[in-house]
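# Coordinates in review
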Amino acid sequence: GESVGLHLPTLSVQEGDNSIINCAYSNSASDYFIWYKQESGKGPQFIIDIRSNMDKRQGQRVTVLLNKTVKHLSLQIAATQPGDSAVYFCADDTGTASKLTFGTGTRLQVTL
Amino acid sequence: SAVISQKPSRDICQRGTSLTIQCQVDSQVTMMFWYRQQPGQSLTLIATANQGSEATYESGFVIDKFPISRPNLTFSTLTVSNMSPEDSSIYLCSVLFADTQYFGPGTRLTVL
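In short, a report on the structure. Remember, predicted model here, so these are calculated numbers, not experimental data.

### Details of the overall build of chain B
Helix and strand content of chain B: 0 helices and 11 strands. Each helix and strand of chain B, ordered N terminal to C terminal, gives the series β-β-β-β-β-β-β-β-β-β-β. Considered along the principal axes of its C-alpha atoms, chain B spans approximately 40 × 25 × 20 Å. A burial count over chain B gives 52% of its 112 residues as buried. Considering only intrachain contacts with a sequence separation of at least 6, the fraction spanning at least 24 residues in chain B is 53%. Total accessible area on chain B is roughly 5,200 Å²; 48% of this is exposed by carbon and sulfur atoms.

Next comes the structure, spelled out in structure tokens:
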């Protein structure tokens, strides 16, 4: 089956800098995309989602960008904090988030 | 969002035995899901459990190994049967709530 993948397994960022986590997807029929944050020993936590009729969506300190032309998704975290250290997963679906396909994950390390 | 709890949070089991994991959500939901996440890896969907119908299993997962119950709109169980060390993993339940999947904290299973 088709899969969602991530470009970098580990990203190291200095506290206060902005972080950009990238994700490539392969299913051209995907129209729903979601980012999760998973801290050690916990379940994935919803961060932000976006549908294919949008190319940008903002939340609190986070922005998701969607480029359907090149099938690319990114998560931007502004003013990265130590509490942002976690593994970040992107996932996609062709409908209602009922059949998510997860990427491999990117570990974000925030250095002081 | 939906608040999800799982029991047990972790367990160590002997090979050949079975473990039943419980998932409770604080809202009524139609769709619940069970995932497996092996250490350091991404999430793999085991099955989708809708109340009032048989669970739908993904390729590579069978009902005899992972029987699922869904007795009402707020509860589900996953049983890992006849366990082997290869079943050591984190088992996560999630729910579809307001068109988004929310995850429980996971059950960390170690099989000796």
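### Some details on the state of the cysteines
Across all of its chains, the model carries 2 disulfides over all chains by this definition. Bridging A:Cys23 to A:Cys90, the disulfide has an S-S length of 1.9 Å. Between A:Cys23 and A:Cys90, the disulfide has an S-S torsion of 55° and is therefore right-handed. Highlighted residues: A:Cys23 in strand β3 (residues 19-25) and A:Cys90 in strand β9 (residues 86-93), separated in sequence by 67 residues. With respect to class, A:Cys23 is no different from A:Cys90; both count as buried. Linked covalently through their sulfurs, B:Cys23 and B:Cys93 form a disulfide whose S-S length is 1.9 Å. Looking along the S-S bond of the B:Cys23-B:Cys93 disulfide, the torsion reads about 65°, which is the right-handed sense. Residue B:Cys23 is found in strand β3 (residues 19-25), and its partner B:Cys93 is found in strand β9 (residues 89-97); the two are separated by 70 residues along the sequence. Like B:Cys23, the residue B:Cys93 is buried in the burial classification.

### Points about the interface of chain B and chain A
Accessible area lost upon the coming together of the parts serves often as the stated size of an interface. On the side of chain A, 20 residues touch chain B, which itself brings 19 residues to the contact. Surface buried jointly by chain B and chain A totals about 1,300 Å² across both partners, of which 54% is contributed by carbon and sulfur atoms. Linking chain B to chain A there are 1 salt bridge. Among the ionic pairs, B:Glu58 bridges to A:Lys99, the shortest N-O distance being 3.1 Å. For the pair chain B and chain A, the number of links is 5 residue pairs in polar contact (both at pLDDT 80 or more).

### Quick word on the side chain of B:Ser27
Residues and elements named next belong to chain B. Here Ser-27 shows up in the loop between β3 and β4 (31-37). Looking at Ser-27, the relative accessible area reads 19%, which means it is buried. Setting aside anything within four residues of it in sequence, one finds Ser-27 in contact with Leu-73, Thr-74 and Phe-97.

### Points about the pairing of strand β7 (residues 68-72) of chain B
All names here are of chain B. Of the pairings in the sheet, the one linking β7 to strand β8 (residues 75-80) comprises 3 bridges and is antiparallel in character. Bridging from a neighbouring strand, Asn-72 pairs with Phe-75 of β8. Count of turn residues in the β7/β8 antiparallel hairpin: 2 residues.

### Observations regarding the nonpolar core
Judged by nonpolar contacts, the single largest core of 27 residues is most densely connected at B:Trp34, B:Ile46, B:Phe66, B:Ile68, B:Tyr91, B:Val95 and B:Leu109. Breaking this core down by element, the ones donating at least two residues are β3, β4, β5 (43-50), β8, β9 and β11 (107-111) of chain B. Top contributing element to this core by residue count: β3(B), with 4 residues. With residues up to four places along the chain from it excluded, the contact list for B:Val95 reads B:Ala2, B:Ile4, B:Val25, B:Val29, B:Met31, B:Met32, B:Phe33, B:Thr100, B:Gln101 and B:Tyr102. Membership of the second largest hydrophobic core comes to 21 residues, among which are A:Ile47, A:Val62, A:Val64 and A:Tyr88.

What counts, and at which threshold
- Residues numbered from 1 in each chain as written.
- Chains lettered and ligands numbered in written order.
- Predicted model: local features only at pLDDT ≥ 70, side-chain atom pairs only at ≥ 80, totals over all residues.
- Heavy atoms only, no water.
- Helix = DSSP H or I, 4+ residues; strand = E, 2+ residues; numbered from the N terminus.
- Buried < 20%, exposed > 50% of the residue type's maximum accessible area, 1.4 Å probe, protein only.
- Contact = heavy atoms within 4.5 Å.
- Areas by Shrake-Rupley, 256 points an atom, 1.4 Å probe, with all protein chains shown as cover.
- Disulfide = S-S within 2.5 Å.
- Buried area = accessible area lost by both parts, 1.4 Å probe.
- Salt bridge = Lys/Arg side-chain N within 4 Å of Asp/Glu carboxyl O.
- Polar contact = N/O pair within 3.5 Å; in protein donor to acceptor, adjacent residues only side chain to side chain.
- Pairing = 2+ DSSP bridges.
- Core = buried A, V, L, I, M, F, W, Y, C linked by side-chain atoms within 4.5 Å.

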